[in-house]
Amino acid sequence: MEHLQTQGISMPKLGLGTFRMQGDVCRAAVESALSIGYRHIDTAEMYANEESIGSAIAVSRVPRGELHVTTKVWHENLAPDAIRRAFDASLNKLRLDHVDLYLVHWPSRAAKWGAVFETVMKLKEEGRTRAIGVANFTTALLKIAVEDIKAPIACNQIEYHAMLDQSKVLAYLNAKSIPLVAYCPLAQGRIAADPVLSEIGVKHNATAAQVALKWLLDQNGVAAIPKASRRESQKANLDALKITLDDADRNKIAALPKDMRCVNPGFAPAWD
């Protein structure tokens, strides 16, 4: 599988998202994904599933060096002491001595960004996370982190799919050689019913979802973390890597409406 190189880490372009998966369902999903070749697992303290993921990793016997694990600190814990407590709790639940990537999950109007990034950069210096990054950051917030604070941001994880324009953020990230990690890459299932993507899928003996996923993964500097609890869906997402889209396909996808948002950052509790 293709990897993205960023801030000293190598991140598989296709990962497993685990939002809204908990308990035995989450554990079984991660065990399944690891058994069929996934090596990039994405979680967060807010998902309340790190313990289940830790159990799955422990029984998988996948060598730690082959695994990329991302977790995140929630917006309520952005004071320096709270970040450390949250990080320790995450590491303990995951049963790991380090994570590969630690993200600031949501922006917060109350955050003192200098202190936030100083704290997570210290965790990186201590070797407890191999890299740091952000999620749901606008270009204005990225500029604070990257240009003002000069934090070594390894990625910005945001909603991105064939029906949502993220060209403004992408242009900034590309200019700074920072990858975009796409969550909701299949628009929470809405993409499956799109007639244009379905038509392209028929041409390639694939599904609309596989076409949309390959469209994302074909882009330079873009990774994707579709949530998939069933083994068949996990396998289908891996099989999307085998599709070869052509210019005609890409032109049709470019012409799709690009205003479908599944997650509204402006509506998040972080912005209260």
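In what follows, the structure referred to is the one given above.
Calculation rules
- Residues numbered from 1 in each chain as written.
- Predicted model: local features only at pLDDT ≥ 70, side-chain atom pairs only at ≥ 80, totals over all residues.
- Heavy atoms only, no water.
- Helix = DSSP H or I, 4+ residues; strand = E, 2+ residues; numbered from the N terminus.
- Rg over C-alpha atoms; globule rule 2.2 N^0.38 Å.
- Buried < 20%, exposed > 50% of the residue type's maximum accessible area, 1.4 Å probe, protein only.
- Axes fitted to C-alpha atoms, helices over the stretch in contact; angles between N-to-C directions.
- Left-handed = near helix turned anticlockwise from the far one by under 90°.
- Contact = heavy atoms within 4.5 Å.
- Nonpolar A, V, L, I, M, F, W, Y, C, P; charged D, E, K, R; others polar.
- Pairing = 2+ DSSP bridges.
- Right-handed = clockwise from strand over helix to strand, strands pointing away.
- Core = buried A, V, L, I, M, F, W, Y, C linked by side-chain atoms within 4.5 Å.
- Salt bridge = Lys/Arg side-chain N within 4 Å of Asp/Glu carboxyl O.
- 1 Å grid on protein atoms, 1.4 Å probe; cavity = no way out; pocket = protein on both sides within 12 Å on 5 of 7 lines; lining within 4 Å.
- Points joined across faces, edges and corners; volume = space filled by probe spheres on them.

Undergrad: Just checking my understanding: could you explain the overall build of the protein for this structure?
TA: A tally of regular secondary structure across the protein gives ten helices and ten strands. Its C-alpha atoms give the protein a radius of gyration of 18 Å, near enough to 19 Å, the size a compact globule of 272 residues would have. If you line up the protein on its principal axes, its C-alpha atoms span 55 × 40 × 35 Å. Within the protein, buried positions represent 54% of all 272 residues.

Undergrad: Would you mind showing me how to read the packing of helix H1 (residues 23–35) against helix H2 (residues 50–60) here?
TA: Two quantities define a packed helix pair, namely the angle between the axes and the distance from one axis to the other. Contact geometry of H1 with H2 gives a least axis separation of 8 Å together with a crossing angle of 35°. Two packed elements cross with a definite hand, and for H1 against H2 that hand is right-handed. Along its contact with H1, which presents Gly23, Cys26, Arg27, Val30, Glu31 and Leu34, the element H2 presents Ser52, Ile53, Ser55, Ala56, Ile57, Val59 and Ser60. A per-class count over the contact of H1 with H2 returns seven nonpolar, four polar and two charged.

Undergrad: Quick question: what am I supposed to make of the pairing of strand S6 (residues 101–104) here?
TA: Regular strands show a simple pattern: their side chains alternate between the two faces of the sheet. Along S6, one buried face is formed by Leu101 and Leu103 and the opposite face, lined by Tyr102 and Val104, is buried too. With four bridges joining them, strand S5 (residues 68–73) and S6 adopt parallel strand pairing. Counted as the bridge partner of Thr71 is Tyr102 from S6. Traced from S5 through helix H3 (residues 80–94) to S6, the parallel crossover comes out right-handed. As paired strands, S6 and strand S7 (residues 132–135) are joined by three bridges and run parallel to one another. Counterpart to Val104 in the pairing with S7 is Val134. In this fold, S6 hands off to helix H4 (residues 113–125), which returns the chain to S7; that crossover is right-handed.

Undergrad: How should the packing of H3 against H4 be read in this particular structure?
TA: Running from N to C, H3 and H4 point in directions that differ by 35°, and their axes come no closer than 9 Å. For H3 against H4, the interelement crossing comes out right-handed. From H3, Pro80, Ile83, Arg84 and Phe87 reach across to H4, where they touch Ala115, Val116, Thr119, Val120, Lys122 and Leu123. Classifying every residue of the contact of H3 with H4 by side-chain character gives seven nonpolar, one polar and two charged.

Undergrad: When you look at the sheet that holds strand S10 (residues 222–224) in this model, what are you seeing that I'm missing?
TA: Either a parallel or an antiparallel arrangement is found when strands of a sheet pair, and the pairing is made through backbone hydrogen bonds. Here eight strands make up an open sheet; going across it, the order is S3-S4-S5-S6-S7-S8-S9-S10 and the pairing parallel. In the strand order of this sheet, the two ends are held by strand S3 (16–17) and S10, each with one partner. Seen against the sheet, helix H6 (residues 167–175) touches strand S8 (153–159), strand S9 (180–183) and S10 and runs at an angle of roughly 170° to S8.

Undergrad: Which parts of the structure should I look at to understand the nonpolar core?
TA: Nonpolar side chains tend toward joint burial in soluble globular proteins. Formed by 93 residues in total, the largest nonpolar core has its most connected members in Tyr102, Trp113, Phe117, Leu197 and Ile253. A per-element tally of this core places helix H8 (residues 208–217) first, with eight residues. The residues touching Leu197, leaving out its near neighbours within four places in the chain, are Met163, Ile191, Ala208, Val211, Ala212, Ile253 and Leu256.

Undergrad: It is not clear to me how the pattern of salt bridges should be interpreted in this structure. Could you clarify?
TA: It is possible for side chains of opposite charge to pair when their charged atoms get near one another. Summed over all chains, the structure comprises 17 salt bridges. With a shortest N-O distance of 3.0 Å, Arg27 and Glu31 are connected by a salt bridge. With Arg27 and Glu31 both in helix H1 and four residues apart, this pair spans about one turn of that helix. A relative accessible area of 28% places Arg27 in the partly exposed class. Among the ionic contacts, a cluster of salt bridges with common partners joins Asp24, Arg27 and Glu31.

Undergrad: What exactly am I supposed to notice about the layout of surface pockets here?
TA: One way to see where empty space is left: roll a probe the size of a water molecule over the atoms. Of the pockets and cavities examined, the largest pocket occupies roughly 770 Å³. For the largest pocket, the lining is made up of 35 residues, of which Phe19, Tyr183, Cys184, Gln188 and Val263 are closest to its centre. Put simply, the parts of the chain that give the lining of the largest pocket at least two residues each are H8 and helix H9 (231–239). For the lining of the largest pocket, the class distribution of residues is 21 nonpolar, eleven polar and three charged.

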